[in-house]
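Given next are the chains, with one letter for each unit.
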Amino acid sequence: PDTATSYGNIGTVMENMGDNVGALKMHNKALAIREKVHGKEHPDTATSYGNIGTVMENMGDNVGALKMHNKALAIYEKVHGKE
């Protein structure tokens, strides 16, 4: 899990530097680890989906971004409820 967090942090920094391709790669690595460790319906996995969605939005892929943010939302609602 800490490795996934580190990949996510690196992805965020890369995104802030304007390297969206590199950021997407790092966030996808974080997602793969989180899915393996926590499963597909864990809040940490949802965080990775949201991070990927944000990068996709920055890259102009609004349809893909919406898909990722909706996946994150569905997990959060399932785990924490709708409010």
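The notes below deal with the structure included here. On a predicted model such as this, the values are computed, not experimentally measured, just so you know.

## Some details on helix α1 (residues 2–16)
The end-to-end C-alpha distance of α1 is 21 Å, a good match for the 21 Å that 15 residues give at a rise of 1.5 Å each. Those residues of α1 that sit buried are A4, G8, G11, M14 and E15. Along α1, the residues classed as buried sweep out an arc of 120 degrees about the axis, all on the same side. Facing away from the buried side of α1 by over 90 degrees, the exposed positions are D2 and N16. The first or second residue beyond α1 is G18, which carries a positive phi of 90 degrees.

## Some points on the nonpolar core
Core analysis: the biggest nonpolar cluster contains 14 residues, and L24, Y49, I52, M56 and M68 have the highest contact counts within it. Taken together, the elements giving at least two residues each to this core come down to α2 (20–38), α3 (43–58) and α4 (62–80). Apart from residues no more than four positions distant in its own chain, L24 is found in contact with I52, V55, M56 and M59.

## A few points about the environment of R34
Tracing the backbone shows R34 in helix α2. A C-alpha to C-alpha distance of 9.1 Å links R34 and T5, two positions 29 residues apart in sequence. In contact with R34, not counting residues within four places along its chain, are A4, T5, G39, D44, T45, T47 and S48.

The rules we used
- Residues numbered from 1 in each chain as written.
- Predicted model: local features only at pLDDT ≥ 70, side-chain atom pairs only at ≥ 80, totals over all residues.
- Heavy atoms only, no water.
- Helix = DSSP H or I, 4+ residues; strand = E, 2+ residues; numbered from the N terminus.
- Expected span 1.5 Å × (residues − 1).
- Buried < 20%, exposed > 50% of the residue type's maximum accessible area, 1.4 Å probe, protein only.
- Arc of directions from axis to C-beta.
- Core = buried A, V, L, I, M, F, W, Y, C linked by side-chain atoms within 4.5 Å.
- Contact = heavy atoms within 4.5 Å.

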